[in-house]
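Structural overview
Chain residues, written in single-letter form:
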Amino acid sequence: MLIIDSHQDLAWNMLTYGRDYTRSAKETRRIEAGTTTPERNGDSIVGWPEYQQGRVAVVFSTLFATPARKKETGDILVYTDAGTAHRLYRDQIDVYRKLADSHPDKFRLISSTPELDSVIEHWSRPELDPSGHPVGLIYLMEGADGIRSPHELSEWWDLGLRMIGLAWAGTRYCGGTSDPGPLTNEGRQLISAMADYNFILDLSHMDEAAAYESLDRYEGPLMVTHANCAALMRGSETNRHLPDDVIHGLIERDGVIGVIPLNTFLKVGWMRRNGSRREEVQLDALIAHIDHICQLAGNSKHAAIGSDFDGGFGLQSIPLEMDSIADLQLIAKKLMERGYSETDAENVLGGNWLRFLSRNLPS
Ligand SMILES: [Zn+2]
């Protein structure tokens, strides 16, 4: 089964920690042993050999920077104003371009359906397995502060950007994680302009109020690249998880939701920095979130995977059975043990994102 993973902060890790994703995760761990990186960001779980092993064919790769008021020790991609955010996101596009240009056998940029089809076609040819397949990267902007005005959307479109999330923390466009609030007037103007291009809007990190309003108002395609279900996280004091009403709204709009195998988002109160142990969270906890979305939908066509791997956490903070991105394949096995069909498992691993992208990327 092919995997499409809807969230990885590759450029952020490359620029912040010097990670080289052409290497294996194991090699990165060996190189970083004895540095401060594993303490700050966890041991790496992502690398090209593991993409091959786990048949991860396409990754939504983020453009991300931290607003200065949320800066933590070691953050270097930090902005105080839209101009700086803009430059930091553009730098990350350059990072992805350079990665794909220098390793065309390993990474390819995708911004249209023919480019998507060509990557998927490559992965469906077993005779090419020994030398490996190129991993398709689709840019995903996480937190839209780097878009200085709606007029700039044509420039981002020409650069190949197709997917935009307005929030991380709150931005000047909308309420976000730990910053409750609806869309702002600037946010309303931005999504109205985004619809003209058919940009895909990512509701991840949006506060409920902003998410509801976007579901009502946005005329283009909607998705959630990385979030879990609030109904299974009662007692966690955050607006980061998805209320059932938002999940229902997305299902009605034919959206897809990528769930995150991060222990903090699977067990209320689990925190690496407070000494929580890996043994406390197993993969079943993630399957419960997938199952919750499938139960609300009445089918397996809306749940998917958005690992968020290496995005501020690593090996120390993922379910016990997993060692790297290759182990996302275990999700299929677990789903089938639970009575899901092979087709259902294929939908969750990659089929749902594949159909969503085929519908919504330009041809
Ligand atoms: Zn995020």
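Residues numbered from 1 in each chain as written. Predicted model: local features only at pLDDT ≥ 70, side-chain atom pairs only at ≥ 80, totals over all residues. Heavy atoms only, no water.

**As for helix 6 (residues 113-123)**
We count it as follows: When a residue's accessible area, from a 1.4 Å probe over protein chains only, is under 20% of the maximum for its type it is buried; when over 50% it is exposed; and in between it is partly exposed. Secondary structure elements follow DSSP: runs of H or I of four or more residues count as helices, runs of E of two or more count as strands, with numbering from the N terminus. By definition, residues are in contact when any of their heavy atoms lie within 4.5 Å.
Turning to helix 6, its buried residues are T113, L116, V119, I120, H122 and W123. Those residues of helix 6 that are buried are in contact with helix 4 (48-54), strand 2 (56-63), strand 5 (107-109), strand 6 (135-142) and helix 13 (342-360).

**Focus on the packing of aromatic side chains**
This is how it is decided: In this analysis, rings of Phe, Tyr and Trp, with Trp reduced to its six-membered ring, are considered paired at centre separations within 6.5 Å, and the interplanar angle assigns stacked below 30 degrees, edge-to-face beyond 60, and tilted for intermediate values. We call a charge positioned over a ring when the NZ of a Lys or the CZ of an Arg lies within 6 Å of the ring centre and within 35 degrees of the ring normal.
Tallied over the full model, the rule gives 11 aromatic pairs. Taken together, a centroid distance of 5.1 Å and an interplanar angle of 90° make the contact between W157 and F199 edge-to-face. On the criterion of sequence distance, the pair formed by W157 in helix 7 (residues 153-159) and F199 in the loop between helix 8 (185-197) and strand 10 (200-202) is long-range, its members being 42 residues apart. Comparing W157 with F199 shows no difference in burial state: the two are buried. Aromatic pair F309 and F313: ring centres 6.1 Å apart, planes at 85°, arrangement edge-to-face. F309 sits in the buried class, given a relative accessible area of 0%. One aromatic cluster is present, built from ring pairs that chain together W12, Y17, F64 and W168. The cationic tip of R19 hangs over the ring face of Y17; the distance from NZ or CZ to the ring centre is 5.7 Å. In this structure, R162 packs its charged tip against the face of W157, placed 3.8 Å from the ring centre.

**With respect to the coordination of the zinc ion**
Heads up, the rule is: Counted as coordinating are nitrogen, oxygen and sulfur atoms within 2.8 Å of the metal, or 3.2 Å for Na, K and Ca, while water is not included, which may make sites look incomplete.
Protein coordination of the zinc ion is provided by E142 (OE), H205 (NE2) and H226 (NE2), with donor distances spanning 2.0 to 2.2 Å. Look at where the donors of the zinc ion fall in the sequence and you get E-x62-H-x20-H. Of this pair, E142 sits in strand 6 while H205 sits in the loop between strand 10 and helix 9 (208-217), and the two are 63 residues apart along the sequence. Residue E142 shares its accessibility class with H205, and that shared class is buried.

**Remarks on unusual backbone geometry**
You will see that S178, though not glycine, has its phi angle at about 65°, which is positive. Mapped onto the elements of the fold, S178 is located in the loop between strand 8 (174-176) and strand 9 (179-183). For S178, a relative accessible area of 52% translates into the label exposed.

**Focus: the nonpolar core**
Condition: The criterion is simple. A nonpolar core is a set of buried Ala, Val, Leu, Ile, Met, Phe, Trp, Tyr and Cys residues joined through side-chain atoms within 4.5 Å.
Counting 115 residues, the largest nonpolar core has Y51, I164, L166, M194, L203, M206 and I331 as the members making the most contacts within it. Residues contacting M206, with those up to four places away along its chain left out, are L166, A167, C174, G175, G176, L183, L201, A211, S214 and N239.

**A few points about the pairing of strand 6**
The test is simple: Strand pairing is defined by DSSP finding a minimum of two bridges between the two strands. Convention used here: a crossover is right-handed provided that the path from the first strand, over the helix, to the second strand proceeds clockwise when the strands point away from the viewer.
Counting buried positions along strand 6 yields 8 of 8 residues, so the element is predominantly enclosed. Burial of strand 6 is two-sided: the residues V135, L137, Y139 and M141 facing one way and the residues G136, I138, L140 and E142 facing the other way are all buried. Both strand 5 and strand 6 contribute to a ladder of 3 bridges, which runs parallel. By the bridge assignment for strand 6, L109 is matched with L137. The handedness of the strand 5 to strand 6 crossover, carried by helix 6, is right-handed. Sheet topology places strand 6 next to strand 7 (residues 163-165); 3 bridges connect them, and they run parallel. Its bridge partner lying in strand 7, E142 is registered against G165.

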